[in-house]
Amino acid sequence: MEFLGHLALGFHVALSLANLLYCFLGVLFGTFIGVLPGIGPAGAIALLLPITYGMNPASGIIMLSGIYYGAQYGGSTTSILVNIPGESASVVTCIDGYQMAKQGRAGPALGIAAFGSFIAGTLAIGPLMILAEPLSALAIQFGPPEYFTIVLLGLILLINLAHGSVFKGFIMALFGLALSQIGMDMITGRTRYTFGIIELQDGVGLIPLVMGLFGIGEVLENLGKSMEIEVFKTKIKGLLPNLEDWKNSIGAILRGTLLGFFLGLLPGGGAILASFTAYTVEKRVSKHPERFGTGTIEGVAGPESANNAGASSNFIPLFVLGFPSNAVMGLLLGALMIHNVQPGPFFISKHPDIFWGTVVSMYIGNVILLVLNLPLIPFWVKVLKIPYRILFPLIILFCIIGVYSVNNSVFDVLLMIIFGMIGFFLKKFKYEMAPLVLAFILGPMAENALRQSLIISQGSLMIFISRPFTLISLMIAFFLMVSHILPFIRKRREVIARFE
């Protein structure tokens, strides 16, 4: 009965006229962002984060969440019709989706992507509702030592799962931690690393940082590329998959949903890792693996289902532990903290309207996406033809207005421009943003937990070894670090041996 009462509260919040509108706008804008290559959900949420200042927390999170899972839908359209992933999680969809379009089967490819996304996104919300409260009850037993080791393990997992160099991921995490230390020490009251700049006494703002890295940085990077997009010219027909398509796809959809849900719980996992893994699994279980890459519908259904299921399960560590598993969840954590709402073990009990309203809005948002996506595909095709010489100046304008409107501060705009240039060079040299953003957000949390732990233990580090959970977390973190350091040392020794 208690569960039904919570569900009723969720429907009461989500079905209010204002929140229905915010949900609609969120998923619509998210789909638009997913369709357009080169922006992504993190950039879109960074752009719209200042708008949520005037909303209540539930409305803000409902809209921002809609942008996130809406972008997973929209990314498939660009992948199938243009062979360019509109969103990073849709990279794998290009492989078979574009081949289907070339064979005149763009309609079934787009249709199964929409239906698979709807089924996976809807099914993945169920475990989110069921598991959140029991996990919160378990997390209440955690103290500062457990929280410090969770953050430490999470950052190391994120670095290990990052695409590209682990060393570069480690450097970015250190950079994020360093930025998080700027400002006033909340315990001693002393300022740190402000270099006499008064505006930095409150620390580096999240909004200038993310809008610079994801907004300005993305524009600067794309200015150096040829952004002319040629949409595959084919008549889009037969959007509803036939029985044969459903027979071939239903297993892939269910397997993708299961994989996506569990991989979405991992730090750094989420939609991207889920879609790649789902494609690999489908190729392994298929009786005809040689067909993959030539336009098989399972190669579209599996990854698209996985990335949407992963997007839903990303919310569990955020809401239950207050730990964001990727950059987008980090921005949502920032949005909650701006409203003085702290996710964690007590989040569901203290803010049931936000949690249950957001969860129920996901059901509503998935229905809206299914209803919108199929009829709007011809419109999205036209959107793809918007010249980037028009789009990029608008993005820069929104960034400047958004950052300035938060504190009416020109310094914040300057800070955003600086981070935009930093972001450009980081992208140029293949450094990922996710470890930086998450380390920046989690840095103060880790520092406070470490300090509290040492106060409890009177300065003894044995507190991290004497507790089972912290010991296991540290052992896993140590194993992950060693697994990457040993091969590096071995290679260096081989190089040195050649010159001896």
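As the structure is a computational prediction, the values presented were derived from the model and not from experiment.

Quick look at the environment of Tyr363
Move 1: Among the structural elements, Tyr363 can be located in helix H16 (residues 352-383).
Move 2: Exposure remark for Tyr363: the relative accessible area of 27% places this residue in the partly exposed category.
Move 3: Once residues within four sequence positions are removed from consideration, Tyr363 is found in contact with Thr122, Ile125, Gly126 and Met129.

What to know about empty space enclosed by the protein
Move 1: Applying the stated criterion across every chain, the model contains 3 cavities of 30 Å³ or more.
Move 2: Empty space within the largest cavity amounts to approximately 60 Å³.
Move 3: Contributing to the lining of the largest cavity are Tyr73, Ser76, Thr77, Leu110, Ala113, Ala114, Ser117, Glu304, Asn373, Leu374 and Ile377.
Move 4: Among the elements of the structure, helix H4 (57-82), helix H6 (106-139) and H16 are those that each provide at least two residues to the lining of the largest cavity.
Move 5: A total of 4 residues in the lining of the largest cavity trace back to one element, the largest contributor, which is H6.
Move 6: Considered class by class, the residues forming the lining of the largest cavity number 6 nonpolar, 4 polar and 1 charged.

A look at the confidence of the model for the protein
Move 1: The predicted model of the protein has a mean per-residue pLDDT of 79, with 87% of residues at 70 or higher.
Move 2: Element-level pLDDT for the protein is lowest in helix H20 (residues 468-499), with a mean of 68, against a maximum mean of 89 in helix H18 (residues 410-428).

Section: a nonpolar patch on the surface
Move 1: On the surface, a nonpolar cluster with roughly 570 Å² of combined accessible area is contributed by Leu414, Ile417, Ile418, Met421, Phe425 and Phe429.
Move 2: Along the chain, Ile417 falls in helix H18.
Move 3: Classification of Ile417 as partly exposed rests on a relative accessible area of 38%.

The rules we used
- Residues numbered from 1 in each chain as written.
- Predicted model: local features only at pLDDT ≥ 70, side-chain atom pairs only at ≥ 80, totals over all residues.
- Heavy atoms only, no water.
- Helix = DSSP H or I, 4+ residues; strand = E, 2+ residues; numbered from the N terminus.
- Buried < 20%, exposed > 50% of the residue type's maximum accessible area, 1.4 Å probe, protein only.
- Contact = heavy atoms within 4.5 Å.
- 1 Å grid on protein atoms, 1.4 Å probe; cavity = no way out; pocket = protein on both sides within 12 Å on 5 of 7 lines; lining within 4 Å.
- Points joined across faces, edges and corners; volume = space filled by probe spheres on them.
- Nonpolar A, V, L, I, M, F, W, Y, C, P; charged D, E, K, R; others polar.
- pLDDT = per-residue confidence, 0-100.
- Patch = residues over 30% accessible without salt bridge, like charges linked within 9 Å, V, L, I, M, F, W, Y side chains within 5 Å.
- Areas by Shrake-Rupley, 256 points an atom, 1.4 Å probe, with all protein chains shown as cover.
- Salt bridge = Lys/Arg side-chain N within 4 Å of Asp/Glu carboxyl O.

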